Amino acid sequence: MKFIQKKKNNTRQLLNIKTISEFSLICNNNEELVFFQIQPPNLSVMSPESIGAKIFSMTNVLKGIEGIEILCMNGRDNFDNNKNFIKQRIQKEKSEKIRRLLEKDLIHLDKIQIQTATARFFSLVIRIKEENQAEILPLLRRIEKLLKLQGFEVKKSSREELKEYLAVYFEQNVTTDKF
């Protein structure tokens, strides 16, 4: 009886990522994904007319760029595992003083999670096909300039920021100092 051994895919293969360059994810299908961090304006201090103008500006930018995608991710940690651990410790703990301290830790984690519940960050993702590789840098400069002309704070994501995006997306982890 012969056993056929299946080749297991590594994480990069499952995600279709060949490598991470200085400013993009290079995929196995020879596409390149470039991420621009975009800082949305504070809508709570803007008039309805100004908000409408911002929406119109962003719509025009999105219509004018082929292969653009929007990525919105949580900019906060998920403390559920920590909170579950603390709850288990509270149940097992014999010392009343330590139980009270653990309960205070639990309340503190809840406060942090509530304060950061609306923290989001936005990226515009440009999908560049292999045949467009020669034009990539002028295209990226044009996109960045176009966004800035429309009044948006924007910058190209770095290699470390791309690693952070992947960590947040797959682990909900934004506290690691280095990836």
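Residues numbered from 1 in each chain as written. Predicted model: local features only at pLDDT ≥ 70, side-chain atom pairs only at ≥ 80, totals over all residues. Heavy atoms only, no water.

*Asks:* If you had to explain the nonpolar core to someone new, which residues and values would you point to?
*Replies:* Ranked by internal contacts, the top residues of the largest apolar core, which has 17 residues, are V34, F36, I126, L140 and L147. Listing elements by their share of this core, those giving two or more residues are β3 (32-39), α2 (48-64), β5 (120-128) and α5 (136-149). Looking at this core element by element, the count peaks at four residues for α5. Residues L25, C27, M73 and Y165 belong to the second largest nonpolar core, which totals 12 residues. (Core = buried A, V, L, I, M, F, W, Y, C linked by side-chain atoms within 4.5 Å. Buried < 20%, exposed > 50% of the residue type's maximum accessible area, 1.4 Å probe, protein only. Helix = DSSP H or I, 4+ residues; strand = E, 2+ residues; numbered from the N terminus.)

*Asks:* A description of the packing of aromatic side chains should follow, citing residues and the corresponding values.
*Replies:* Where two aromatic rings form a pair, the distance of their centres and the angle of their planes describe that pair. What the rule picks out here adds up to zero aromatic pairs. One cation-aromatic arrangement involves K156 over F23; the distance from NZ or CZ to the ring centre is 4.7 Å. (Phe/Tyr/Trp six-rings, centres within 6.5 Å; stacked < 30°, edge-to-face > 60°. Lys NZ or Arg CZ within 6 Å of the ring centre and 35° of its normal.)

*Asks:* I'd love a proper account of the side chain of E144, names of residues and values included.
*Replies:* If you trace the backbone, E144 turns up in helix α5. A relative accessible area of 17% means that E144 is categorised as buried.

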